[in-house]
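If you want the building blocks of each chain, they are given just below.
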Amino acid sequence: MADAEEPEKKRRRIEDLTEKMAVDSGHRDGGCDWDGRWNHVKKFLERPGPFTHPDFEPSTESLHFLLETCKILVIGAGGLGCELLKNLALSGFRLIHVVDMDTIDPSNLNRQFLFRPNDVGRPKAEVAADFINSRVPGCKVVPHFKKIQDCDESFYRQFHIIVCGLDSIIARRWMNGMLISLLSYEDGVLDPSSIIPLIDGGTEGFKGNARVILPGMTACIDCTLELYPPQINFPMCTIASMPRLPEHCIEYARILQWPKEKPFGETSLDGDNPEHIQWVFERSKERAAEFNITGVTYRLTQGVVKRIIPAVASTNAVIAAACATEVFKIATSAYIPLNNYMVFNDVDGLYTYTFEAERKENCSACSQVPQDLQFPPSAKLQEVLEYLTENASLQMKSPAITTTLEGKNKTLYLQSVKSIEERTRPNLCKTLKVFFSDVELGLSDGQELAVADITTPQTVLFKLNFTA
Amino acid sequence: MASTKASKEQKYDRQLRLWGDHGQETLENAHVCLINATATGTEILKNLVLPGIGAFTIVDGHTVTGEDVGNNFFLSKDSIGKNRAQAATELLQELNSDVSGNFVEEGPDKLLDNDSEFFHRFTIVIGVQLPESTCLRLGSVLCSASVPFLVCKTYGLIGYMRLVVQEHTVIESHPDNALEDLRLDQPYAEFQNHIKSYDLDSMEKKDHSHTPWIIIVAKYLEKWLSEHNGQPPKNYKEKEAFRQLIREGIRKNENGVPEDEENFEEAIKNVNTALNPTKIPSAVEDIFNSEQCKNITAQSPSFWVMLRAVKEFVHNEGNGSLPVRGTIPDMIADSQKFINLQNVYREKAMQDAAAVSKHVESLLQSVGKVWPESIPEKDIKLFCKNASFLRVVRCRSLAEEYSVDTVNKDEITSCMDSPDSEMVFYLMLRAVDRFYQQHSRYPGVYNYQVEEDISKLKVCVNSLLQEYINICFLFIHLFCIFGRYICSNLSLRFILGSAAQEAIKIISHQFVPFNNTFLYNAMSQTSATLSL
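Read on for a plain summary of the structure. (Residues numbered from 1 in each chain as written. Chains lettered and ligands numbered in written order. Predicted model: local features only at pLDDT ≥ 70, side-chain atom pairs only at ≥ 80, totals over all residues. Heavy atoms only, no water.)

**What about the overall build of chain A?**
Logical step 1: When you go through chain A residue by residue, the secondary structure sums to 14 helices and 15 strands.
Logical step 2: The burial tally for chain A puts 53% of its 468 residues in the buried class.
Logical step 3: Contacts in chain A between residues far apart in sequence, at least 24 positions, make up 62% of those at least 6 positions apart.
Logical step 4: Element-wise, carbon and sulfur atoms account for 51% of the exposed surface of chain A, whose accessible area totals about 21,100 Å². (Helix = DSSP H or I, 4+ residues; strand = E, 2+ residues; numbered from the N terminus. Buried < 20%, exposed > 50% of the residue type's maximum accessible area, 1.4 Å probe, protein only. Contact = heavy atoms within 4.5 Å. Areas by Shrake-Rupley, 256 points an atom, 1.4 Å probe, with all protein chains shown as cover.)

**Re the overall build of chain B**
Logical step 1: In terms of regular secondary structure, chain B is built from 23 helices and ten strands.
Logical step 2: Projected onto its principal axes, the C-alpha coordinates of chain B cover approximately 90 × 55 × 45 Å.
Logical step 3: Burial status across chain B gives 56% buried among its 532 residues.
Logical step 4: Contacts in chain B between residues at least 24 apart in sequence constitute 68% of all its contacts with a sequence separation of at least 6.
Logical step 5: Computed over 53 positive and 70 negative side-chain charges, the separation of the two mean positions in chain B equals 1 Å. (Lys, Arg positive; Asp, Glu negative; His and termini not counted. Charge placed at Lys NZ, Arg CZ, Asp CG, Glu CD.)

**Let's talk about the side chain of Gln112 of chain A**
Residues and elements named next belong to chain A.
Logical step 1: Within the element layout of this structure, Gln112 appears in the loop between strand S2 (95–99) and helix H5 (124–135).
Logical step 2: Polar contacts involving the side chain of Gln112 include one to the side chain of Lys124, which spans 3.1 Å.
Logical step 3: If we skip the residues at most four places from it in the chain, Gln112 touches Ala77, Gly78, Gly79, Cys82 and Lys124. (Polar contact = N/O pair within 3.5 Å; in protein donor to acceptor, adjacent residues only side chain to side chain.)

**Points about the pairing of strand S2 (residues 55–59) of chain B**
Residue and element names in this part refer to chain B.
Logical step 1: With five of five residues buried, S2 lies mostly within the body of the structure.
Logical step 2: Of the two faces of S2, both are covered, the one formed by Ala55, Thr57 and Val59 as well as the one formed by Phe56 and Ile58.
Logical step 3: Bridging between strand S1 (residues 31–35) and S2 involves five bridges; their strand directions are parallel. In the strand pairing of S2, His31 is matched with Ala55.
Logical step 4: Taking the sense of rotation as the criterion, the β-α-β connection linking S1, helix H2 (residues 39–49) and S2 turns out right-handed.
Logical step 5: Judged from the five bridges that link them, S2 and strand S3 (residues 100–104) form a sheet pairing that is parallel. Within S3, the residue paired with Thr57 across the bridge is Asn102. (Pairing = 2+ DSSP bridges. Right-handed = clockwise from strand over helix to strand, strands pointing away.)

Structural data, given as structure tokens:
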């Protein structure tokens, strides 16, 4: 099919171009530069000013470091990622890696400007890298078409700075946890060379934020988890028997009717499949008609099923600009970095607000102290599970709880593997310690529980404290 | 290769959810002019091409240099030596096949000399890195043609934007935290009848716990009013007592223990919202008092005709209130009760909109126009729904801002009182513009110029201050530290991507643009909006 051929052809053409440039420029990367190319960057690095860092020594070495040595990792090649790659490349960074597990969708094209209609279906990381490398001579973006969780410690360790343009809090927390796990302490003192600064950006419609995180030193993602309130889902009884809004009707079709009627066999609902959405749309309309509810549209159906967040190019441009500025400042040590959280909103005029997010003393990710779990011994394990998922500072998704009993490692509850879930499910009804019943787990006061969850690459240690 | 309607819907899906199909249509009918394809300029234009404006024209007489290509994603190495407008148009056009790109290989001053009406055709003009004299000239030309003008400058680490538009009306401002329009303090007849149809005491338990909180509050408010001389709860103490009154209405089981009635809890939680008096927002009152509202002519834009019609409604059918909005928030209730209540509001809203339409009709007739051809009914309905959120933005002209007689001294001096104010950067930029006027170049472009230029800049700052504010020598030394810094003359362009969003607000007449000066400090990542 003609369309399928096109991306291949285009890719080969770009590779040829890059090849050609490498040959023309000889054996030095500097050969692809031209007169005045880096003037805009030099002026920042070769002159002091009122905002320069107190320790900054203007020199020509900073530019050299940027161009030849500094290694940056960009996480996400979507709305923020495309902007970040452009900004970093134009600022002189050449050794850039980009990770993204997604492929290109038509709805990306209104803002992810490194992609064209012909690229639909191709991996974002690869297309983005190709485009930047061909548009900005000398820039060597290396793509990784994979999940962040598929890369290991040794991969992340190689970077000077990591900048995130993610659309998922879970992924952010994972990245946060990974960088914290790379920290090394000597006699309880943090070794600064083990710190990899994390610049994190996020956008939603006309709102956005950018923050600078120095793992182990400044507030991390989990320190400020309350800033990301959990997603509200409609109560089941509303969906099942008392719909009032068109959204309730759509959730009914998605959550209840689809698994029951299995319209496409065993396939699960795919929000990107127009046939699936059409089915949900039809059922939702029927449901709405039953209750005299108006407002079910195809667009709304898709929005609810895919939990779509509206997005425009300009917000991403602003936030990516702020993030790239911070990467530049930190890489060159030329200016004092943002301290440490900026919020942006352009619904009514233009509004920014900058503040210092504070570290939480007992942060579950970066404080290094076991988290306090306070429960009466009569409490059931189910209550502990609910606490781990519902507490605003923890917001775990499906925690797996293990502990050491009688010298052996014991899984108290694990949800993600079906057989283990079935085996450990009865534990949820057991009490933590003996209490008017012989159905108990036998845990002691001060017992340490290790909890694993997708929100963190390392297990979180909790200490059980029995209350009266 | 133009897109099909379906592929456009897919492509623009994420932004259609923000400004709707009608908003998108205004974009697709827009022709934007960019003056100067610097890195800042092309960045702004990129954020307009991607969402699908109809067309753009770049006006730029400069030739592409090596430095240009180094910091501009939309210029390539082979464009060095070519005209900058032409070079940038190619790579910007490539971003979106739905958009048509044009270029003019001349600067704006020359263009105006040859064709004073050249800029009249545009929906909005965005001028980047223009000297003050050009801005003033363009400002006056565009004002007479009623074309909005957005001025953008980046200097070193400072970003600057100035919106120049005489009068910009917004119907859909989409406020973040809008107050609900519930009319509990002045229930209209149909609402009263609906409330009467409920007898909370005699209801079955299931109905009682699934009655919408609006009804509950209405019922208990009736009770309260009869016991308090027709006076609603006013202070904290009374509101607490009112909440208690509602709480006592919760059904109890055989043991006298209150049942779990979430709808009653909702009612108690929403007492403050419910007791908000129905009031015309002061912003809307101000708009009612404008000259344009008082004098409706055949040339009056539909915004003012509809506004006058709403004003007439307020003084007649509305009994002092705006048309009912017609929406209620979701609340715990069974489907039927909720839908019925929602319909009471919806029908009233439709009734009020119809009354407003009658006023529109007679206003149009009085100026020799016909309804509904001139103003479609759906426009009136949209207007009524947004009656509380209407906004009119008026920006002072550049001439007024710069002139010694009309400069906003108060704003300048009060900002200078706080040490961190971004106002300093505004004054610096004005001084830099003055430098350019005197020396035909910007300060500190080359390293060897820096020291000398600092003293020259000091002179500019001095003269500026003396014109506007008497004796601010205290700040001159501060300015000169910044002066060395401003002399970097870079463009840290990125942040002005948001300029594109302001342009979209102007084009779509949705969301509220800033008024009228925005300053951004990229080093501290702070900003300020000033009215100058």
